[in-house]
Each structure stands twice: as structure tokens, then as C-alpha cells.
Amino acid sequence: MIFETERLIIRRLILEDLDAFHELESNANVLKYATGTPKTFIENKGELNSLILRYYQQKNDFWIYAIIRKIDNQFIGTVALVKDNLDDEIGYRFLEKLWGYGFGTEVCVGLISYCKKIGIKKIVGYVVDKNKASAKILEKNGFTVVKKFISDDLKLPETKYKLYL
């Protein structure tokens, strides 16, 4: 376990997460403001294997973990801690059927505590401006706007947020 919150456990991904991971990564609505491109089962299997192998790399700067709901031990999403040039970036995504239950806010609070615990001094998050729910989560957790720009990948207005820990 990496960390836990009241309702969630954050742990390393495992091969048994494949079906739920595929459900997450093949949903166009989930990916609309992230990569924009749903992946096939075979692509997601390869991606999951790649993410698991990263745990064993010495200079890994791209950590993706599973979000597990405590009540039923179900995979409900992923959380990211990524070194982005000089910044430590956080991110998260959830199965669409679980949007609106407060899990985003809960995992963000947990991520902030975890980052403080491991000695990170500042974290950032990037949110496509149309993704009002994600922007609201960061803002209510004390993140401030750093800059607004058009994203290179999605070509959409995006905002970079930062939080000093």
C-alpha cells in the first residue's frame, strides 16, 4: 500500500487489475481531457505491464498506482505522480460510473499528505478548462493558477495549478 484515505487504498498496479484498467482506459469520456484516445484491450494490457515494470526501474519518474475502494476491494481508478521536468505532477482518473461520489477530492487530499510525507515541496496539476470538476478539486485544496495555455496534445485551453507543501 502506498497510502490510504477513509474510503480508498492506493497501491501498486497488478496484472489482476487488467479488466478494470481496460474499462478505465478505453472509455472516451474518461480520456476526453487526458489523452483523448481510448485504447484497445491489447494496448491496455501492454500499458499495464509497462507501468508495473516501471516500479522496478532505478530512476523511475512516472508512478501510476491503482485506486481501490475499501468497502468492496474494487479497482476504481488510477492516481499518478509524475516528474514533469522540474515539477512533480499529480493526476487521477476514475471509472465513469463512479464520478460524483467525492473520490477525486478524497484522493487529492491523500496525495497532498503523501507528497508531504515523502518530502516533495511543490506539486502541480494540469486541467483542461472544460473539466470543471477537476479544477474545482484542485482549487478547494489550495492549488493556485500558474498559467493558462493551449495544450500541445489536445489543442484545448488548459490551466496549470501549483501547491506549495
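Below you will find a few notes about this structure. (Residues numbered from 1 in each chain as written. Predicted model: local features only at pLDDT ≥ 70, side-chain atom pairs only at ≥ 80, totals over all residues. Heavy atoms only, no water.)

## Considerations on the pairing of strand 6 (residues 122-128)
And then number 1: Of all seven residues in strand 6, five are buried; the element is thus mostly enclosed.
And then number 2: Bridge analysis of strand 5 (residues 87-94) against strand 6 gives two bridges, and the strand direction is parallel. Bridging across to strand 6, Asp88 finds its partner in Ile123.
And then number 3: Note that the unit made of strand 5, helix 4 (residues 103-117) and strand 6 has a crossover that is right-handed.
And then number 4: Relative to strand 8 (residues 157-164), strand 6 is paired through seven bridges, and the arrangement is antiparallel. Each residue of the ladder has a partner; that of Val127, found in strand 8, is Thr159. (Buried < 20%, exposed > 50% of the residue type's maximum accessible area, 1.4 Å probe, protein only. Helix = DSSP H or I, 4+ residues; strand = E, 2+ residues; numbered from the N terminus. Pairing = 2+ DSSP bridges. Right-handed = clockwise from strand over helix to strand, strands pointing away.)

## Focus on the packing of helix 1 (residues 18-25) against helix 3 (residues 41-54)
And then number 1: Across the interface, helix 1 lies against helix 3 with an axial gap of 9 Å and an inter-helix angle of 115°. In terms of axis orientation, helix 1 runs roughly perpendicular to helix 3. The handedness of the crossing between helix 1 and helix 3 is right-handed. Contacts from Leu18, Asp19, Phe21, His22 and Glu25 of helix 1 reach helix 3 at Phe41, Asn44, Lys45, Glu47, Leu48 and Leu51.
And then number 2: Residue composition of the contact of helix 1 with helix 3, by class: five nonpolar, two polar and four charged. (Axes fitted to C-alpha atoms, helices over the stretch in contact; angles between N-to-C directions. Parallel < 35°, antiparallel > 145°, perpendicular 65-115°, else oblique. Left-handed = near helix turned anticlockwise from the far one by under 90°. Contact = heavy atoms within 4.5 Å. Nonpolar A, V, L, I, M, F, W, Y, C, P; charged D, E, K, R; others polar.)

## A short note on the pattern of salt bridges
And then number 1: Counting across every chain of the model gives 10 salt bridges.
And then number 2: A salt bridge links Lys83 to Asp88; the shortest N-O distance between them is 3.1 Å.
And then number 3: Its relative accessible area of 14% is what places Asp88 among the buried residues.
And then number 4: Salt bridges here are not isolated pairs; linked through shared partners, they connect Glu25, Lys39 and Arg93. (Salt bridge = Lys/Arg side-chain N within 4 Å of Asp/Glu carboxyl O.)

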